[in-house]
Amino acid sequence: MIATLEGILEYRGIDSAIVKVGGVGFQVYIPSSTLSKLGATGDEVSLYTYLHLREDNVALYGFASAEELALFKNLISVSGVGPKVALSLLSALSPEQLAMAITSGNVDLISQVPGIGKKMASRLVIELRSKLEREWKEAALPLATEDSDAIAALTSLGYSLREATQAVSSLPDSSELSLEEKVKLALQQLASR
C-alpha cells in the first residue's frame, strides 16, 4: 500500500494533482482544502495517501494531515459514502468543522454539502458520532447548531459552504448575536478578504 508520497508537484487540477516521485507521476485526488496548501508547480510536496482499490478502478487520494486521512477513512466506512462523496465533504468543510458537525448532530450543515441529502447526513451522524467524539475531543472550530441558519443564509447568497462556515465560525461570541447580525458581520468579513 502507498501510505505517503513525497515529490515534486507536476500538475495541479481542480480536484487532483500529479506528484512526480522518482521519475513516476502519481495522479492523486485531493480535497480543495489540501489542494490550496500544495503550492506552485515545481514545489516539493508531501501527502498522506489512501489507495482505493475496486474491480474497475484504482485511485490514490491525498491529504495534508494524518487527521484528515483518518477522517476520510471514517467517512468511507459508512454505507453509501464512497471516496468521491468523502472528498466532497472534506472540500466543503475543514476536517475540524466536519467532525464537529457530526459529533454535534448538525444534520442541516452536513446536508448543505453538494451531493449529501438529509438522509445521508443523518446516517453519517448516527454511524460516526461516538467514534469521532473519541478521536476529535479537541476539535478546533466548534460550530453551534444555531449557526447553521446563518451559514444557510450565506450559501443562498452564493458563497461556498466552506467560506460561509469559516466566516460564521470566526464571529466573536456569536451566541449573543441575532441571525441578521451574524449574517451582516459574516458578509463584512467575506467582503474584506
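You'll find the structure just up there.
These notes cover the structure that comes with them. (Residues numbered from 1 in each chain as written. Predicted model: local features only at pLDDT ≥ 70, side-chain atom pairs only at ≥ 80, totals over all residues. Heavy atoms only, no water.)

1. Description of the overall build of the protein
Line of reasoning, step 1. Looking only at helices and strands, the protein features 9 helices and 5 strands.
Line of reasoning, step 2. Reading the protein from its N end, one meets helices and strands in the order β-β-β-α-β-β-α-α-α-α-α-α-α-α.
Line of reasoning, step 3. Computed over the C-alpha atoms, the radius of gyration of the protein is 17 Å, within 12% of the 16 Å expected from 2.2 N^0.38 for a compact globule of 193 residues.
Line of reasoning, step 4. For the C-alpha atoms alone, the extent of the protein along its principal axes is close to 55 × 40 × 30 Å. (Helix = DSSP H or I, 4+ residues; strand = E, 2+ residues; numbered from the N terminus. Rg over C-alpha atoms; globule rule 2.2 N^0.38 Å.)

2. Examining the pattern of salt bridges
Line of reasoning, step 1. Scanning the model with the defined rule gives 2 salt bridges in all.
Line of reasoning, step 2. With a shortest N-O distance of 3.1 Å, Arg54 and Asp56 are connected by a salt bridge.
Line of reasoning, step 3. The class of Arg54 is partly exposed, set by a relative accessible area of 47%.
Line of reasoning, step 4. Ionic pairing is found between Asp108 and Lys118, a salt bridge with its closest N-O pair at 2.3 Å. In this pair, Asp108 is assigned in helix α5 (residues 107-110) and Lys118 in helix α6 (residues 118-135), connecting sequence segments 10 residues apart. (Salt bridge = Lys/Arg side-chain N within 4 Å of Asp/Glu carboxyl O. Buried < 20%, exposed > 50% of the residue type's maximum accessible area, 1.4 Å probe, protein only.)

3. A closer look at the pairing of strand β4 (residues 44-54)
Line of reasoning, step 1. Pairing analysis gives 5 bridges linking strand β1 (residues 4-12) to β4, with the strands arranged antiparallel. Looking at the pairing, Thr4 lines up with Tyr48 of β4.
Line of reasoning, step 2. Pairing geometry for β4 and strand β5 (residues 57-63), over 7 bridges, is antiparallel. Across the sheet, residue Thr49 finds its bridge partner in β5, namely Gly62.
Line of reasoning, step 3. Linkage of β4 to β5, two consecutive antiparallel strands, is achieved through a turn of 2 residues. (Pairing = 2+ DSSP bridges.)

4. Focus: the nonpolar core
Line of reasoning, step 1. Formed by 42 residues in total, the largest nonpolar core has its most connected members in Phe63, Phe72, Leu75, Leu89, Leu98, Ile110 and Leu124.
Line of reasoning, step 2. The biggest single contributor to this core is α6, with 6 residues.
Line of reasoning, step 3. Setting aside residues up to four positions removed in sequence, Leu98 forms contacts with Leu71, Leu75, Leu89, Leu90 and Leu93.
Line of reasoning, step 4. Counting 11 residues, the second-largest nonpolar core is a separate cluster that includes Leu9, Val28, Leu38 and Val45. (Core = buried A, V, L, I, M, F, W, Y, C linked by side-chain atoms within 4.5 Å. Contact = heavy atoms within 4.5 Å.)

5. Side note on helix α2 (residues 66-76)
Line of reasoning, step 1. Among the residues making up α2, those that are buried are Glu68, Leu69, Leu71, Phe72, Asn74, Leu75 and Ile76.
Line of reasoning, step 2. Where α2 is buried, its residues contact α1 (32-35), β4, β5, α3 (83-92), α4 (95-103) and α6.

6. Quick look at the sheet that holds strand β3 (residues 24-29)
Line of reasoning, step 1. Read around the closed barrel, 5 strands run β1-β2-β3-β5-β4, paired in mixed fashion. When strand polarity is set aside, the average angle formed by the axes of neighbouring strands in this sheet is 55°.
Line of reasoning, step 2. Across 2 bridges, β3 lies against β5 in parallel orientation. Paired with Val28 across the strands is Leu60, a residue of β5.
Line of reasoning, step 3. The strands touched by α2 are β4 and β5; relative to β4, the strand with the most contacts, the crossing angle is about 15°.
Line of reasoning, step 4. Across the face of the sheet, α3 comes into contact with β3, β4 and β5 while running at roughly 20° to β5. (Axes fitted to C-alpha atoms, helices over the stretch in contact; angles between N-to-C directions.)

7. Some details on the packing of helix α7 (residues 147-156) against helix α9 (residues 179-192)
Line of reasoning, step 1. Where α7 meets α9, the axes come as close as 9 Å, and the angle between the chain directions of the two elements is 50°. Relative to α9, the element α7 is oriented oblique. In this structure, the crossing between α7 and α9 has a hand that is right-handed. For the pair α7 and α9, the contacting residues are Asp147, Asp149, Ala150, Ala153 and Leu154 in the first and Leu179, Lys182, Val183, Ala186, Leu187 and Leu190 in the second. (Parallel < 35°, antiparallel > 145°, perpendicular 65-115°, else oblique. Left-handed = near helix turned anticlockwise from the far one by under 90°.)

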